[in-house]
Amino acid sequence: MGQAHEVLERARKARLENRFEDALRDHLWFHENALAVEPGMAGVRLSFALRDWIYLAEQFPLARRALQGLRDRDTARMLNGAASRELFRDISAINGALGEERATHELFVQVDIQMPQLAQQCADLALPALVAAEDWALARRHLPEPLERVSHLATHLNAYTEQLAKSGSTSSAPALLATVLNYTKEVRMIALVLARVDEEELAAQVTTAALDELRSLALRDAVQREFDTPGATIAAMLAHARREQN
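Below is a summary of the structure that appears in this document.

About the thresholds
Residues numbered from 1 in each chain as written. Predicted model: local features only at pLDDT ≥ 70, side-chain atom pairs only at ≥ 80, totals over all residues. Heavy atoms only, no water. 1 Å grid on protein atoms, 1.4 Å probe; cavity = no way out; pocket = protein on both sides within 12 Å on 5 of 7 lines; lining within 4 Å. Points joined across faces, edges and corners; volume = space filled by probe spheres on them. Helix = DSSP H or I, 4+ residues; strand = E, 2+ residues; numbered from the N terminus. Nonpolar A, V, L, I, M, F, W, Y, C, P; charged D, E, K, R; others polar. Contact = heavy atoms within 4.5 Å. Phe/Tyr/Trp six-rings, centres within 6.5 Å; stacked < 30°, edge-to-face > 60°. Buried < 20%, exposed > 50% of the residue type's maximum accessible area, 1.4 Å probe, protein only.

Left-over empty space is what a probe sized like a water molecule reveals as it rolls over the atoms. Of the volumes computed, that of the largest pocket is approximately 1300 Å³. As for the largest pocket, its lining consists of 24 residues, of which Leu46, Ser47, Arg89, Asn182 and Lys185 are closest to the centre. No other element matches helix α11 (residues 173–196), which puts six residues into the lining of the largest pocket. In terms of residue class, the lining of the largest pocket is made up of 11 nonpolar, six polar and seven charged.

Considering all chains together, one arrives at one cavity of 30 Å³ or more under this definition. Taken together, the residues of the lining of the largest cavity break down into four nonpolar, two polar and one charged.

Right, let's talk about the environment of Leu219 for a bit. If you trace the backbone, Leu219 turns up in helix α13 (residues 217–228). Residues Leu219 and Leu157 lie 62 residues apart in sequence; the distance between their C-alpha atoms is 9.1 Å. Not counting residues within four places of it along the chain, the set of residues in contact with Leu219 comprises Leu157, Asn158, Thr161, Val180 and Leu214.

Evaluation of the coordinates by the stated rule reveals two aromatic pairs. Centroid distance Phe88 to Phe108: 6.0 Å. Interplanar angle 65°. Geometry classified as edge-to-face. Of this pair, Phe88 sits in helix α6 (residues 85–98) while Phe108 sits in helix α7 (residues 101–114); the two residues are 20 residues apart in sequence, bridging distant segments of the chain. For the residue pair Phe88 and Phe108, the accessibility class agrees, reading buried in each case.

Below, the structure written as structure tokens:
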């Protein structure tokens, strides 16, 4: 276990023991230093680590203010010479964890005005916030080729599924279900944006293509179930977790 992983585990333990200041100290260290010592923690840093930070904030309000402070610092950096897709990803992930997608929308609007090329690079990261803000015109402008975008997403899902099949591991089921959930969420967002700007025919084409471009019948069935019954994938993930516990 690497240093960064140890610090994150230590933060979780401190929270469970009500040592909130210690937990916050470790969360701050992890967010600022984890990638320098363990580059492979990039995904964890913006997902599980932020989730645990929010758990801490529910009991220790200072933790929420500290996370907002990091967000505000990085937003200032973004608008004052240190702009990058990676920094925008950090900010949008923090806003998502905080439930403050409005701040991502406001930042993206400014980036779109000041740095239009970078805005195009960050558009996929900003799309959930644009949809939450119902800024359909801006979202559509940054979806110049919706069918190409869906094709790219499907190619990634196909490749990921085939890689898992070759590994022959049954323990990868939760990761696959999570990937299916993310895929259907993104396709739904794209279709919603198109529908809200009166492009219903293209929206229907996007949904059809999202299924047709999947090579595995089982994968198409899983995506179709999530389209038909939103939440079906999460239910499957919970059922798998229960089976693993028994």
